[in-house]
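# Descriptive analysis of the structure
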Amino acid sequence: MIAGMPAPMRLLVAHSEPGAGRAWRDALAARLPAAHVAIDPGTPDGAGPDGAPPGFEADWAVGWGPPADLFARQPRLRGFFSSGAGVDHLLRHPGLPAALPLIRLEDAGMGELMADYCLLELLRIAGRHDAYAAQQTRAHWEELTGYTRAELPVGIVGVGVLGAHVARHLARAGFTVRGFARGPKLVDGVEVMHGASRWQEFLEATRVLILLAPRTAETEDLIDAAALARLRPGGWLINVARGALVVDADLVAALDAGTLAGATLDVFREEPLPASHPFWHHPRIRVTPHSSAPTQVAVSAAQVAAKLAAIARGEAVGGLVDRTRGY
Ligand code: OXD
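Remember, predicted model here, so these are calculated numbers, not experimental data.

Each assigned domain of the protein chain is listed here: domain 1 (10-108 + 295-312) and domain 2 (111-287). Computed over C-alpha atoms, the centres of domain 1 and domain 2 are 32 Å apart. Listed by partner, the interface residues are 8 residues for domain 1 and 8 residues for domain 2. Together, the buried faces of domain 1 and domain 2 total about 620 Å²; carbon and sulfur atoms form 48% of this surface. When residues of domain 1 are sorted by the area they lose upon contact with domain 2, Asp-88, Arg-92 and Asp-107 head the list and together hold 66% of the total. Here domain 1 is connected to domain 2 by 1 salt bridge. Where Asp-88 meets Arg-242, a salt bridge forms, and the shortest distance between an N and an O atom there is 2.9 Å. Taken together, the connections running from domain 1 to domain 2 amount to 3 residue pairs in polar contact (both at pLDDT 80 or more). Broken down by class, the residue content of the side of domain 1 that touches domain 2 amounts to 2 nonpolar, 2 polar and 4 charged.

The topology assignment puts Ser-300 in helix H10 (residues 297-312). The residues touching Ser-300, leaving out its near neighbours within four places in the chain, are Trp-24, Leu-105, Ala-108 and Thr-295.

Taken together, the neighbourhood of the ligand is formed by Trp-64, Gly-84, Ala-85, Gly-86, Met-110, Arg-242 and His-290. Within the backbone of Gly-86, an N or O atom sits 2.6 Å from an oxygen atom of the ligand. A per-class count over the shell around the ligand returns 3 nonpolar, 3 polar and 1 charged.

Analysis parameters
- Residues numbered from 1 in each chain as written.
- Predicted model: local features only at pLDDT ≥ 70, side-chain atom pairs only at ≥ 80, totals over all residues.
- Heavy atoms only, no water.
- Domains from an automatic or database assignment.
- Contact = heavy atoms within 4.5 Å.
- Buried area = accessible area lost by both parts, 1.4 Å probe.
- Salt bridge = Lys/Arg side-chain N within 4 Å of Asp/Glu carboxyl O.
- Polar contact = N/O pair within 3.5 Å; in protein donor to acceptor, adjacent residues only side chain to side chain.
- Nonpolar A, V, L, I, M, F, W, Y, C, P; charged D, E, K, R; others polar.
- Helix = DSSP H or I, 4+ residues; strand = E, 2+ residues; numbered from the N terminus.
- Near = heavy atom within 4 Å.

This is the structure:
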């Protein structure tokens, strides 16, 4: 370092998925050429020659599923950027310092992917594609009556950045969309309800329930037998939020009893979904591997870089996690 010159910012990438650490390091280095970006040696990509040099003390870290000892090893961190939309896993990290700022991604290209995923499911439901797939396994030819958009009112639980994006997309595609939020919210073309007193009314107006809320103490086990029983007959559940929002056994029971016609699940209490889990083989459940909206690394790194620049200018940034709220 040249005397008098400010030291370059040190950024540590700590990602639990092999390959993701290197992708993030390269994308951040491209966006922040003056910074020193390195991969945490406690993560798969940092275990070899790509790992940060000994004594590397980071100013900021970016990642997903950081090692248990990361925060003890990095006492100078000023904040941690989640490389995903959710932060519940970080909030449960046993070593997380109480006052460390956490910043989550805001949309960063995920909204569009998630909106398309949900729209595709709705169109499949409307066109009875699951029933046709089942008929095909029996070489059975029978034309079925599909559902009109009006017959599939959609209810979205959670209308934050992603939920609002999905809600607008589905409303523009001609579906009647209602949202349910913690407090009052405005989303174009969408009626947003809030408050415990309106929860039942919201469920009763919904035939396709889409979960897009973060996992918090308030949302865990929210979708249980009682909630599923309130949906319009022949309802459908699409979960792209967190598995813990749904009581697994209640979901299977509602499908078996025919209270619910089907479920599309992208997220699970345990991921990867264990091979022995009943969801894998249930005829009315479609499983995808947490793939509804993969992180777009280049767009996300640009967002992190823009937020770091804003922080350096002394500006407030969006996505700062409120620990009492849980997201
Ligand atoms: C998440 C993500 O938070 O995939 O689940 O971004």
